[in-house]
Amino acid sequence: MIVLGICAVVIVVFAITAAMSDKVREAVISSKIYKKGFAVHMNLFSRIHNNAVRKHKEDIFEKLKSSVESVGGGDILEIGAGTGANFEFFPEGSSIIALEPNPHMVPYLRENAEKFPHVQLKNIVPGFAENMDGIPDASVAAVVCTMTLCSVSDVKATLAEIKRVLKPGGYFYFLEHVADEPETWRNSFQRRFDNQWKYLGDGCSCSRETWTHLDNAGFSTVSYRKFDLKELTVLCYLIRPHLAGHAIK
Ligand SMILES: C[S@@+](CC[C@H](N)C(=O)[O-])C[C@H]1O[C@@H](n2cnc3c(N)ncnc32)[C@H](O)[C@@H]1O
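Residues numbered from 1 in each chain as written. Predicted model: local features only at pLDDT ≥ 70, side-chain atom pairs only at ≥ 80, totals over all residues.

**Thoughts on the overall build of the protein**
Step number 1: For the protein, the count of helices and strands is nine helices and seven strands.
Step number 2: Taken over the C-alpha trace, the protein has a radius of gyration of 18 Å; the compact-globule value for 249 residues is 18 Å, and the two agree within 12%.
Step number 3: By the burial criterion, 38% of the 249 residues in the protein qualify as buried.
Step number 4: For the protein, contacts bridging at least 24 residues in sequence account for 73% of all contacts bridging at least 6. (Helix = DSSP H or I, 4+ residues; strand = E, 2+ residues; numbered from the N terminus. Rg over C-alpha atoms; globule rule 2.2 N^0.38 Å. Buried ≥ 20, exposed ≤ 12 C-beta atoms within 10 Å, placed from the backbone. Contact = placed C-beta atoms within 7 Å.)

Next comes the structure, spelled out in structure tokens:
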């Protein structure tokens, strides 16, 4: 009975949100109360996600220290740093510039910085990745971005900005949920429910073919692998397909 009730509520919510226009969606997810609620949600969800993805994060960040040293050292810029879910994975002595547009994430960011004192949170920059005016050209040793390329409004502009701010030879590390392979059941569900998913994930798209943008962004090297993050529960069915790797300027 309870399960049927929950299913009915989910179907009604999905039907209503599907019928709403993009303008209404933008108004909802831009509201202060939504942004505040999303920060609370991310503070919980990022722990669940970290547990599921731990091995993959450890793998992709393994080279972070040596890649920073290879360009003469410097700051690591994290885009869409959220609540600071990656701090525990950064190598000892990392100096982090956190770019984050949602001000309600900031208390969690600071809290996590205190919890993981092996990293230094040098600066929190409010803003969007599509236009990182405050960050000079070729100024950062590495860029990190997890679960955020799904949310930016312009992936092409974001990748161009990442290339601009990276020192030559600098690494861009990413771990993202992405569209499943075409012709799969999940891919068709991702497309069908993309609009509703945006309400759950602060504008996040669950059907983005992020690898296409990475391949075409003009990095000298792009290396990634796709995997199904089976450790996520059935509630996260639409965002189980993941992509992780690095690109070099
Ligand atoms: C799903 S959360 C991921 C947070 C964190 N990176 C993690 O892995 O837990 C997406 C984050 O990207 C931020 N974000 C959304 N749009 C953005 C944009 N255009 N530029 C930079 N960050 C953005 C959100 O505020 C949020 O903190």
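**Structural notes on the nonpolar core**
Step number 1: Core analysis: the biggest nonpolar cluster contains 58 residues, and Ile76, Val140, Ala142, Val143 and Tyr173 have the highest contact counts within it.
Step number 2: When residues no more than four places from it in sequence are discounted, the contact partners of valine 143 are Leu77, Ile79, Ile162, Val165, Leu166 and Phe172. (Core = buried A, V, L, I, M, F, W, Y, C linked by C-beta atoms within 7 Å.)

**Points about helix α3 (residues 32-61)**
Step number 1: The end-to-end C-alpha distance of α3, which contains 30 residues, comes to just 33 Å, noticeably less than the 44 Å that a straight helix rising 1.5 Å per residue would cover.
Step number 2: Approximately 70 degrees is the largest bend angle found in α3, and it occurs at valine 53.
Step number 3: Where α3 is buried, its residues touch α4 (64-70), α5 (106-115), β5 (166-177) and β7 (241-248). (Expected span 1.5 Å × (residues − 1). Bend = angle between axes of the 7 residues up to and from the residue.)

**A look at the site of the ligand**
Step number 1: Around the ligand sit 23 residues, and of these Gly80, Gly82, Ala85, Ala129 and Thr146 come closest.
Step number 2: When its residues are assigned to classes, the shell around the ligand shows 12 nonpolar, eight polar and three charged. (Near = placed C-beta within 6 Å. Nonpolar A, V, L, I, M, F, W, Y, C, P; charged D, E, K, R; others polar.)

**Some thoughts on the pairing of strand β1 (residues 76-79)**
Step number 1: Of the two faces of β1, the one carrying Ile76 and Glu78 and the one carrying Leu77 and Ile79 are both buried.
Step number 2: Note: β1 against strand β2 (residues 95-99), four bridges, orientation parallel. Looking at the pairing, isoleucine 79 lines up with leucine 99 of β2.
Step number 3: Of the strand pairs in this sheet, β1 and strand β4 (residues 140-146) are connected by four bridges, and their pairing is parallel. (Pairing = 2+ DSSP bridges.)

**A few points about the sheet that holds β2**
Step number 1: Taken together, seven strands build an open sheet; the order of strands is β3-β2-β1-β4-β5-β7-β6 and the sheet is mixed. Either end of the sheet is taken by a strand with one partner, and the two such strands are β3 (120-125) and β6 (221-228). In this sheet, adjacent strand axes meet at a mean angle of 15 degrees when their direction is disregarded.
Step number 2: Bridging between β4 and β5 involves six bridges; their strand directions are parallel. Bridge pairing links threonine 146 to leucine 175 in β5.
Step number 3: The sheet strands contacting helix α6 (residues 155-165) are β1, β4 and β5, and the helix crosses β5 at an angle near 145 degrees. (Axes fitted to C-alpha atoms, helices over the stretch in contact; angles between N-to-C directions.)

**Quick look at the UniProt feature "domain: Methyltransferase type" (unreviewed entry) in the protein**
Step number 1: Under the present numbering, the feature "domain: Methyltransferase type" (unreviewed entry) in UniProt falls on residues 77-174.
Step number 2: Along residues 77-174, the helical share is 21% and the strand share 31%, with 12 Å between the first and last C-alpha atoms. (UniProt positions renumbered as here; feature names shortened; annotations may be inferred.)

**Some points on the pairing of β5**
Step number 1: Of all 12 residues making up β5, nine are buried, and the element is well covered by its neighbours.
Step number 2: For the crossover from β4 across α6 to β5, the handedness is right-handed.
Step number 3: When β5 meets β7, the two strands line up antiparallel, connected through seven bridges. Bridge assignment links tyrosine 173 to a residue of β7, and that residue is histidine 246. (Right-handed = clockwise from strand over helix to strand, strands pointing away.)

**Details of unusual backbone geometry**
Step number 1: Within the chain, alanine 138 stands out as a residue other than glycine whose phi angle is a positive 45 degrees.
Step number 2: Among the secondary structure elements, alanine 138 is positioned in the loop between β3 and β4.

**Regarding the environment of glycine 73**
Step number 1: Relative to the assigned elements, glycine 73 resides in the loop between α4 and β1.
Step number 2: It is 9.6 Å that separates the C-alpha atoms of glycine 73 and serine 94, two residues lying 21 residues apart in sequence.
Step number 3: Apart from the residues lying within four places of it in its own chain, the contact partners of glycine 73 are Val68 and Ala141.

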